[in-house]
Amino acid sequence: MTIDTKSGNRRTKGRGIGLAAVRGLALALVSLPGAVLCFCLSLVSIGLIPIGVGLVTTPHVLAGVRAFANWRRVLAAEWGGVRIPPAYRPLPLSANPWTRTFALLRDPATWRDLRWLPVDMTAGFVTALLPAVLLFYPLEGFAIAAGLWRVFPDGYWYGFVPVTGQASALGAAALGLVLLFFAHVFTPRLLAVHFRLTRAVLGSNQGELAERVRVLTETRRDAVDASAAELRRIERDLHDGAQARLVAVGMDLGTIEALLDKDPAQAKELIAQARKSSVEALTELRELVRGIHPPVLAERGLGDAVRALALRLPVATEVSVDLPGRAEAPVESAAYFAVSEVLTNAVKHSGADRIWIDVHQADGMLRATVTDNGRGGAVIGAGSGLAGVERRLGTFDGVLAVSSPAGGPTMVTMEIPCA
């Protein structure tokens, strides 16, 4: 290792120690008053529930506690690399204050938040402050050795060192050096201890597992509903389309059989009509099969299937595909139909004259983005096509994100876990 590399490593480590100390100091200064305020307001609000006032205030107070806890989760992930996933139960929509209050109080995650607040204002405060103390307190010892001890004519205690003269002031500087060594070794670790302590109280594997079970239950129900709806659609299309045409062909053939000897000219007309009906029935069957699983998707993969979709659009479309290989067939199918539904919505409702499609795989996720330059205002809601797309993706633990400000552009991003 060269001298320059060693010097660079020292500078990097020094910056890391200083950053850990500053972050710890900021956490200590913010977490103590924040935790005390949230804890006191929660106790008072919950205590006022029996007289009715708490029914109105408790949801707002606990929402503030959750926001404070979630902010600390973000800091733990960004500053300490410690993930603390939230496991809050969903609140009932349009519920009255009584229902919201008791739904919050029945949530185990709420009580974990409340138990964490006293820990955060005590042990959490100390573990956040110690990195800053270890780094900045030695500076006081060096200042005393440099002559600051003369400002205190009656003597001064630096740690356990009584400073009464220059010799004892040098002893304070020696103690400062020892503390600085400990700061070099322990400052980043102490900040990590603070975040692990936060995870130990705020995190809950059981809550995370219960949340996972709830999500899987919902997505399974959505998958069953979507499958039933798809079967009904196929049955309806077969009954109203191809089946009706094939029945008509059979009737025409019976009429032709009766007219062959009596009226050959009319029989020829009916043969032509029967041929036309059979061609239309075949076309409808092909469209139906394409709607179930497009042949191009099965044969050539998601990239070419999306390109084929773009070619059939009445809007100028650019397609960018970067896929290292093929995903599992169900994942490809879900992504294909999700992109197809989003494109249909864009053509019908956005008023766009240009669409961009980007499909790529990164970090174990299959990501498809559809952007249009239309009027914007797209939302995920009941009755919209995007809600159906979200349910389809949810079956595979996928997510849907929509950015569509008024006036456009609209960007719809779909992600599905993909090996």
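Just so we're clear, the structure is a prediction, and the values are computed from it rather than from any experiment.

### Points about the overall build of the protein
Inference 1: Scanning the protein from N- to C-terminus turns up eleven helices and seven strands.
Inference 2: Counting across all 419 residues of the protein, residues that qualify as buried make up 37%.
Inference 3: Considering only intrachain contacts with a sequence separation of at least 6, the fraction spanning at least 24 residues in the protein is 67%.
Inference 4: Surface accessibility of the protein: about 23,700 Å² in total, with carbon and sulfur atoms responsible for 63%.

### Some words on the packing of aromatic side chains
Inference 1: Counting across every chain of the model gives three aromatic pairs.
Inference 2: Within the aromatic cluster, the residues linked to one another by ring pairs are F68, W71 and W116.

### A closer look at a nonpolar patch on the surface
Inference 1: A cluster of nonpolar side chains, L25, L29, V30 and W71, forms an exposed patch at the surface whose accessible area comes to about 350 Å².
Inference 2: Tracing the chain through its elements places V30 in helix α1 (residues 3-47).
Inference 3: A residue is classified by how much of its surface remains accessible, and V30, at 39% relative accessible area, is partly exposed.

### Things to note about the environment of G364
Inference 1: By secondary structure assignment, the location of G364 is in the loop between β4 (354-362) and β5 (365-372).
Inference 2: Classification of G364 as partly exposed rests on a relative accessible area of 37%.
Inference 3: Taking the C-alpha atoms as reference, G364 lies 6.0 Å from P417; in sequence the two are 53 residues apart.
Inference 4: Every residue in contact with G364, bar those within four places of it in the chain, is listed here: I416, P417 and C418.

### Overview of the sheet that holds β5
Inference 1: Sheet architecture is open: five strands sit in the order β3-β4-β5-β7-β6, paired in mixed fashion. In this open sheet, the two strands that pair with only one neighbour each are β3 (316-322) and β6 (399-403). Sheet twist, expressed as the mean angle between neighbouring strand axes with direction ignored, is 10°.
Inference 2: Note that β3 and β4 share seven bridges and pair parallel.

### Considering the pairing of β4
Inference 1: Traced from β3 through helix α10 (residues 329-350) to β4, the parallel crossover comes out left-handed.
Inference 2: Of the strand pairs in this sheet, β4 and β5 are connected by eight bridges, and their pairing is antiparallel. When the bridges of β5 are listed, V359 appears paired with A368.
Inference 3: Where β4 folds back on β5, the antiparallel hairpin that results is connected by two residues, among which D363 adopts a positive phi of roughly 55°.

### Describing helix α9 (residues 302-311)
Inference 1: Burial analysis of α9 places seven of its ten residues in the buried class, the great majority of the element.
Inference 2: Those residues of α9 that fall on the buried side of the exposure criterion are L302, G303, A305, V306, A308, L309 and A310.

### As for the pattern of salt bridges
Inference 1: One pass over the structure, following the stated rule, counts eight salt bridges.
Inference 2: One salt bridge in this structure joins D304 and R307, with 2.9 Å as the shortest N-O distance. Placement of the pair is D304 and R307 together in helix α9, with a separation of three residues, close to one helical turn.
Inference 3: Owing to a relative accessible area of 24%, D304 belongs among the partly exposed residues under this scheme.
Inference 4: A single salt-bridge network, built from bridges that share partners, covers R300, D304 and R307.

Parameters at a glance
- Residues numbered from 1 in each chain as written.
- Predicted model: local features only at pLDDT ≥ 70, side-chain atom pairs only at ≥ 80, totals over all residues.
- Heavy atoms only, no water.
- Helix = DSSP H or I, 4+ residues; strand = E, 2+ residues; numbered from the N terminus.
- Buried < 20%, exposed > 50% of the residue type's maximum accessible area, 1.4 Å probe, protein only.
- Contact = heavy atoms within 4.5 Å.
- Areas by Shrake-Rupley, 256 points an atom, 1.4 Å probe, with all protein chains shown as cover.
- Phe/Tyr/Trp six-rings, centres within 6.5 Å; stacked < 30°, edge-to-face > 60°.
- Patch = residues over 30% accessible without salt bridge, like charges linked within 9 Å, V, L, I, M, F, W, Y side chains within 5 Å.
- Salt bridge = Lys/Arg side-chain N within 4 Å of Asp/Glu carboxyl O.
- Pairing = 2+ DSSP bridges.
- Axes fitted to C-alpha atoms, helices over the stretch in contact; angles between N-to-C directions.
- Right-handed = clockwise from strand over helix to strand, strands pointing away.

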